[in-house]
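# Residue-level structure breakdown
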Amino acid sequence: MSNRNSKFRRVPLTAAVIACLYTGAAFAQDTTAAPAEEDQQTEADAVQLDKITVTGSLLRRTEYETTSPIQVITADTNISMGQVNAAEFLQKSSVAAGSTQINHQFGGFVVEGGTGVQTLSLRGMGANRTLVLLDGQRPGPAGTRGQVGAFDLNVLPTSIIQRAEIVKDGSSSIYGSDAVAGVVNIITRKNVDRPELTFNMRAPLDGGGEVYSVSGANGWDFDNGSVVLAGEWYVHEALKLGDRDFLRCGQDMAWDENGNRLDREDRSIIGGTSLGGCSTGNLYANTVIDAGYGTRYIPSPDGSTVGMIPGYRPRYSGRYDVDGAAWYEDQLNFPFSDQENIIDRQEIMSVYAATDFGFDAFNWKTQWLVNRRETENRGFRQFFPLIGGATAVIPAYQYANSPEFSAPVESGIAQPVMPFRSDTDVTVDYFYGATKLDGLFNSTDTWAWEVNANYSRSEGEYSNLGIVASRTGDWQYSDTAPTLDYFDPGFLSGERMDELVAALGEWHTGETVYDQAVLNAFATGELFQMPAGAVGAAIGVEYRRYSIDDQPSALSTGGDLWGSSSAQQTKGDDSVREIVGEIEVPLLSGVTGFESLTVNGSARVFEYDSIDGSDNVWKLGMNWQINPTLRVRATKGTSFRAPGLYELYLGDQTGFQSQLAVDPCILWGESNNDFLRANCAAIGIPDDYSAAGSSSATVVSGGGAGVLEPETSTAFTAGIVFTPSFAPVSVAVDYFDYEIREQIANLTAGAIISGCYGSAVFPNNFCDLFDRNPGDHPTDPFKIEQIRSQYINVNRQKVRGYDLTVNYDEDFSFGRLSVEGQVTYTIEDIEELFDTAEASGYSSADLVGRIGRPELVGALTTSLERNDLTYMWGVDYVGGTENLDLDPTYTYFGYQNAYRDIWAESRIYHSASVRYDQGDWSLLVGVRNLFDKSPAEVSDGVATRYGNIPAFATQYDLYGRTAFARVTFKF
């Protein structure tokens, strides 16, 4: 390496490891001492030290302190706690665990980025407001469908991650758009001295959700540089409804004043069997609705027939106030229901390469990543076509091409409700390439330059098993009657589901391509000397270009999918030009009470093609080392987020949703949701309203190009760092305060209707986004006619709280003991879609303590390194939450003063492991969730649930006690 530029060489690996392991730096960038050999250098020699760029700043510096609070997560520590991928590393961190995180347990929901995506939302402010970097550079997002925008953590192979540095304040002045909540910089391994092969396994003892991976890496050193090559195969098996008791059978969970269960009795055809008793239901089917008169026919438990369908009769549901008992007769569970995925199956393959070479005048680095993700989601849905015929009481419901066909219900207009498969397959191919040139200007040894360029491309295919509307015989789509007998018990019960799928189903595939290119250049160095030290400065320019092209399937664009909106192409691009600068001024040094006092300022000016004019953001910071023991730091600044491509250019969609699918006021008398019952009743809708005879609601949606404005935000942090000389401990307490204005949001059809009728305050602004007929409408009373679902700028989000980070690290005669702890306490988390909480439908806009938003989360890890063995114990705490809008006492199907569980209790999870290290191999074994704590359960109507647990409380562990092992061989 003799010809490497000696004045601008890489930071030695030992220095990087020291920075990572010394937890003053690890949690707060609080190093107080350099390695001993550096302490012995003279002041004159100090200028020759290698300088580095620290996450959160553009300046090159010799120390790791910055004005911004930074948390470091090391891959080895998280792996020793049984975590298996980058998503778990980051989503379980205290700065993220206080809010819902999107992972691959949301296969049944529409999420930005598509099925299987795993993103990071710092402080609950949204994945699109958290910027993810790879070794300081911005990789592009990955995913499917028109809503690709946030970085997908699936593309990062675990084997190449060394650590993650999280900047816990707004950083748009340094990094640009999206750095509103903070920045996560993934630092990769820079050196592999020997070929290595690693096998990893994690297996829940109750089965389901197993993880297996194999990875290999090798490195080659040359006279003037090095090359690293790594590959990884990873598979995460599905976790299904039937794999856990708390998932397989959703129940009402109601009690009387003495603690006795009040849940309705299951008097359906499956009552008393192993499938019975799931009163909130896994799937509602095996029913025929008379769409003209509202009568619902269910299979008779005794085989009797009332009506025109053999073996079926009208249902009757019992109530405590009328019948002295409560029961239901609908079939709400099926033999196949337990096969539905809660966590999707994922298979990921990655290849990574990096080069680092030094020449006489410059250094050259490159980085390459190729990744393929395959995700499978398996589930079930309802199919309920509207069937007319010759006997229809409304003549318009007759079939022109099938004049003799008739539906076997009294009104001649029926909706048979049948099970149908809901399957999705996703494949995403991702490429990322980056190159960097850097060096010193010839005329100085303090000013350096660097030029970076990177390009990423995501190509995704999403395939869904759809129902071809034109084949269904649904009167809304066809003039020809059905060719299948939907009223056959085999179709209604799902026994003949495969025949139904073969006749009506068709796999259809859409394609999404997202390209991103980034080019930037920076110069950084010292402007001049002051008594307290040199004034550092950096200036740079950056250009970014993005494009998206999402082409849905022909069935989707043609509107020939039953139960789905038509989707059009989402295509557009945007580019931005930016100028950025940073300056750091040492004001005082070596004065009593001011060991050092430094101020930092940064600003960025930007101009987007999609936004008129230019704008700017800024940040100011202060670092005050009072004495060797105590340091105070603070930052205040502004950030922004430009509208994402999908928010601008989402293809216009006009779809149709059946009243049964979209209207929560249908049969609201059978609901356990207090607000829904009160609000539907308030506008005069009868409790047995069935929307009989009403056609579908029209849903209009699309992007907001020409209308959307950038989001703007302010952020303030202030912290104290305590590093006493008498003990190897570091304690940092930081206050944070964010406020975002003009947030961009997409209000879906379901969110709009639920926001209107399911909220504590009624009416509210959600109710202005759809049209419902009045009760005296001549033909369709109370029908929902149109729902307007679009991207808009909404009001604001404000988050305040405290972070506590603690570290202890000491050598004893029995080994090296290390303790690391992080706690986040959120004191305010306000979300207002509209001007007030009431307009947004909440009694209070503060979400702290609501289900999925715990007030307090924390983690503590203790390790003991003793010779060849390392013992680790980890504790994760999730604070309790509740539905703040509900009273635990309510009326349950006519039973006064019944009790429901509105609390999701706190959980403490313990994990333990031991690692045995030898020169050529190492073995790690351990157990997660050692005491087998299951998630908290809540009653029906308290939260959206999987089985009996809140679906969006991603802080809980769904796997239970889980064994894990990892073995590495070096050759």
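Residues numbered from 1 in each chain as written. Predicted model: local features only at pLDDT ≥ 70, side-chain atom pairs only at ≥ 80, totals over all residues. Heavy atoms only, no water.

## So, the overall build of the chain
Convention followed: Counting from the N terminus, the helices are DSSP H or I runs at least four residues long and the strands are E runs at least two residues long. Our radius of gyration looks at C-alpha atoms and nothing else; its globule reference is 2.2 Å times the residue count to the power 0.38. Accessibility here uses a 1.4 Å probe with only protein chains present; expressed as a share of the type maximum, an area under 20% marks a residue as buried, one over 50% as exposed, and anything in between as partly exposed. When charges are counted, neither His nor the chain ends are considered; positive counts come from Lys and Arg and negative counts from Asp and Glu. Think of each charge as sitting on NZ of Lys, CZ of Arg, CG of Asp or CD of Glu.
If you tally the helices and strands in the chain, you get 16 helices and 47 strands. For 971 residues, the compact-globule formula gives about 30 Å, and the C-alpha radius of gyration of the chain, at 30 Å, lands near that figure. Along the first, second and third principal axes, the C-alpha set of the chain runs to 100 × 60 × 50 Å. Residues counted as buried form 57% of the 971 residues belonging to the chain. Within the chain, one finds 70 positive and 127 negative side-chain charges whose respective centroids are separated by 4 Å.

## Overview of the pattern of salt bridges
Spelled out, the test is: When a carboxyl oxygen of Asp or Glu is within 4 Å of a side-chain nitrogen of Lys or Arg, the pair counts as a salt bridge.
This model, assessed by the stated rule, comprises 58 salt bridges. In this structure, Arg315 engages Asp330 in a salt bridge whose closest nitrogen and oxygen atoms are separated by 2.6 Å. On the criterion of sequence distance, the pair formed by Arg315 in the loop between β15 (312-314) and α9 (320-323) and Asp330 in the loop between β16 (327-328) and β17 (341-343) is long-range, its members being 15 residues apart. For Asp330, a relative accessible area of 6% corresponds to the buried category. Between Arg741 and Glu739 there is a salt bridge; the shortest N-O distance is 3.1 Å. Salt bridges sharing common partners tie together Asp356, Lys365, Lys436, Asp438 and Glu450.

## Digging into the environment of Glu711
Using the following cut-off: We call two N or O atoms a polar contact when they sit within 3.5 Å, provided that within protein one can donate a hydrogen and the other can accept it, with sequence-adjacent residues counted only if both atoms are side-chain atoms.
Along the polypeptide, Glu711 turns up in strand β30 (residues 711-722). The spatial distance from the C-alpha of Glu711 to the C-alpha of Ser639 is 8.4 Å, given a sequence separation of 72 residues. Only 2.6 Å separates the side chain of Glu711 from the side chain of Arg129, close enough to count as a polar contact.

## A few points about the state of the cysteines
Definition in use: Cysteine sulfur pairs qualify as disulfides if the two atoms are within 2.5 Å.
Counted according to the given criterion, the structure contains three disulfides. Each sulfur in the disulfide pair Cys665 and Cys680 lies 1.9 Å from the other. The S-S bond linking Cys665 to Cys680 shows a torsion near -80°; that makes this disulfide left-handed. A residue pair is termed long-range when its members are at least 10 positions apart, and Cys665 in the loop between α14 (659-662) and α15 (674-682) and Cys680 in helix α15 qualify at 15 residues. For the pair Cys665 and Cys680, one class covers both residues: buried. The disulfide that involves Cys756 links it to Cys767, with 2.1 Å between the sulfurs.

## Concerning the side chain of Glu196
Summarising the element assignment, Glu196 is placed in strand β7 (residues 196-204). Reaching out from Glu196, the side chain makes a polar contact with the side chain of Arg189 at a distance of 2.9 Å.

## Concerning the side chain of Arg945
In this fold, Arg945 is placed in strand β45 (residues 945-946). Here the side chain of Arg945 touches Val938 through a polar contact of 2.7 Å, landing on its backbone oxygen. Within the structure, Arg945 has its side chain in polar contact with the backbone oxygen of Gly947 (distance 3.4 Å).

## Looking at the sheet that holds strand β5 (residues 161-167)
Short version of the rule: Pairing between strands is defined by DSSP: at least two bridges between them are needed. Simply put, an axis is a line fit to the C-alpha atoms, just over the touching stretch for a helix, and the angle between two N-to-C directions goes from 0 to 180 degrees.
Here we have four strands laid out as an open sheet, ordered β3-β5-β6-β4, and mixed in their pairing. Looking at strand neighbours, the two that pair on one side only are β3 (70-74) and β4 (130-134), the edges of this open sheet. Looking at each pair of strands side by side, their axes are set apart by 20° on average, direction ignored.

## Some thoughts on α15
Since the α-helix advances by 3.6 residues per turn, residues separated by three or four positions end up pointing in the same direction. As a reminder, the rule being used: Relevant arc is that of directions from the helix axis to the C-beta atoms, nothing else. We call two residues in contact whenever any of their non-hydrogen atoms come within 4.5 Å of each other.
Every buried residue belonging to α15 is among Phe675, Leu676, Asn679 and Cys680, and all of these are buried. Buried residues of α15, viewed axially, fall in a sector of 115°; they line one side. Those residues of α15 that are buried are in contact with α16 (749-757). Gly684 lies just past α15 and shows a positive phi near 90°.

## Looking at the sheet that holds strand β41 (residues 895-900)
In space, the three strands of this open sheet follow the order β11-β41-β40, with antiparallel pairing throughout. Taken across any chain shown, the strands that pair with only one partner, and hence form the sheet edges, are β11 (254-255) and β40 (889-892).

## Remarks on the nonpolar core
Put simply, the rule is: Buried Ala, Val, Leu, Ile, Met, Phe, Trp, Tyr and Cys residues that are joined via side-chain atoms within 4.5 Å together make up what is termed a nonpolar core.
In terms of nonpolar packing, the biggest core is built from 47 residues, with Leu90, Leu156, Val184 and Ile186 touching the most fellow members. Considering every element that reaches this core, the biggest residue donor is strand β20 (residues 414-440), with five residues. When residues no more than four places from it in sequence are discounted, the contact partners of Leu90 are Ile73, Ala96, Leu120, Leu153, Ala164, Ile166, Val184 and Ile186. If you look at the next biggest cluster of nonpolar residues, it comprises 33 residues, including Ile387, Phe420, Ala469 and Val501.

## Focus on empty space enclosed by the protein
Applied cut-off: A pocket, in this scheme, is an open set of points on a 1 Å grid over the protein atoms alone with protein on both sides within 12 Å along at least 5 of 7 lines, while a cavity is a set where a 1.4 Å probe fits but cannot get out; residues line either one if an atom lies within 4 Å of a point. Grid points are joined across faces, edges and corners, and a volume is the space filled by probe spheres set on the points. Gly falls in the polar group here, along with every residue not listed as nonpolar (Ala, Val, Leu, Ile, Met, Phe, Trp, Tyr, Cys, Pro) or charged (Asp, Glu, Lys, Arg).
Under the defined criterion, the tally for this structure stands at 12 cavities of 30 Å³ or more. Reported here for the largest cavity is a volume of approximately 470 Å³. What lines the largest cavity is a set of 33 residues, and nearest its centre among them are Lys92, Arg928, Thr954, Tyr956 and Asp957. Every element with two or more residues in the lining of the largest cavity is listed here: α6 (86-91), β37 (856-866), β38 (869-878) and β43 (907-917). Considering only residue class, the lining of the largest cavity consists of 11 nonpolar, 16 polar and six charged.

## Overview of a nonpolar patch on the surface
What counts here: Nonpolar side chains (Val, Leu, Ile, Met, Phe, Trp, Tyr) are joined into patches within 5 Å and like charges within 9 Å, using only residues with over 30% relative accessible area and no salt bridge. In short, Shrake-Rupley with a 1.4 Å probe defines the accessible areas, and a residue's cover is counted only from the protein chains shown.
On the surface, Trp220, Phe222, Leu229, Val351, Trp368, Val370, Phe431 and Tyr455 cluster together to form a nonpolar patch covering roughly 720 Å² of accessible area. For the nonpolar patch, the secondary-structure elements that each account for two or more residues are β8 (211-222) and β19 (363-383). Tracing the chain through its elements places Leu229 in strand β9 (residues 225-236).

## Some remarks on the pairing of strand β13 (residues 287-290)
Judged by which residues are buried, β13 turns out to be covered on both faces: Thr287 and Ile289 on one side and Val288 and Asp290 on the other are all buried. Between β13 and the antiparallel strand that follows it, strand β14 (residues 296-299), lie five residues; Gly294 among them carries a positive phi value of about 90°.

## Notes on the confidence of the model for the chain
As a reminder of what qualifies: Per-residue confidence from the predictor is given as pLDDT, running between 0 and 100.
The pLDDT averaged across the chain works out to 90; a share of 93% of its residues lies at or above 70. Confidence over residues 1-49 falls short of pLDDT 50; this stretch has 104 contacts with residues more than four positions distant or in other chains.

## A few points about unusual backbone geometry
Residue Pro763 is reached from Phe762 by a cis peptide bond, and omega for that bond is -5°. Within the chain, Arg145 stands out as a residue other than glycine whose phi angle is a positive 70°. By secondary structure assignment, the location of Arg145 is in the loop between β4 and β5.

## As for helix α11 (residues 497-504)
Along α11, the positions that sit buried rather than exposed are Met497, Leu500, Val501 and Leu504. What you see down the axis of α11 is that its buried residues fit within an arc of 100°, all on one side. Facing away from the buried surface of α11 by more than 90 degrees, the exposed residues are Asp498 and Ala502. Each element contacted by the buried residues of α11 is listed here: β19, β20, β21 (448-467), α10 (489-493) and β22 (505-530).

## Topic: the environment of Ile174
Along the chain, Ile174 turns up in helix α7 (residues 172-175). Judged by its relative accessible area of 2%, Ile174 is buried. Sequence-wise, Ile174 and Tyr738 are 564 residues apart; in three dimensions their C-alpha atoms are separated by 17 Å. Not counting the four nearest positions on each side in its chain, Ile174 is found in contact with Gly56, Ser57, Leu58, Val580, Glu582, Ser602 and Arg604.

## What about the packing of aromatic side chains?
Where two aromatic rings form a pair, the distance of their centres and the angle of their planes describe that pair. Test applied: For Phe, Tyr and Trp, where Trp contributes only its six-membered ring, two rings pair if their centres lie within 6.5 Å, and the inter-plane angle classes them as stacked under 30 degrees, edge-to-face over 60, or tilted in between. A ring is considered to have a charge above it if a Lys NZ or an Arg CZ atom is located within 6 Å of its centre and within 35 degrees of its normal.
If you walk through the whole model with that rule in mind, you get 36 aromatic pairs. In this structure an aromatic cluster arises from ring pairing among Tyr320, Tyr890, Tyr892, Phe893 and Tyr895. Over the face of the ring belonging to Tyr890 we find Arg900, whose NZ or CZ atom lies 4.2 Å from the ring centre.

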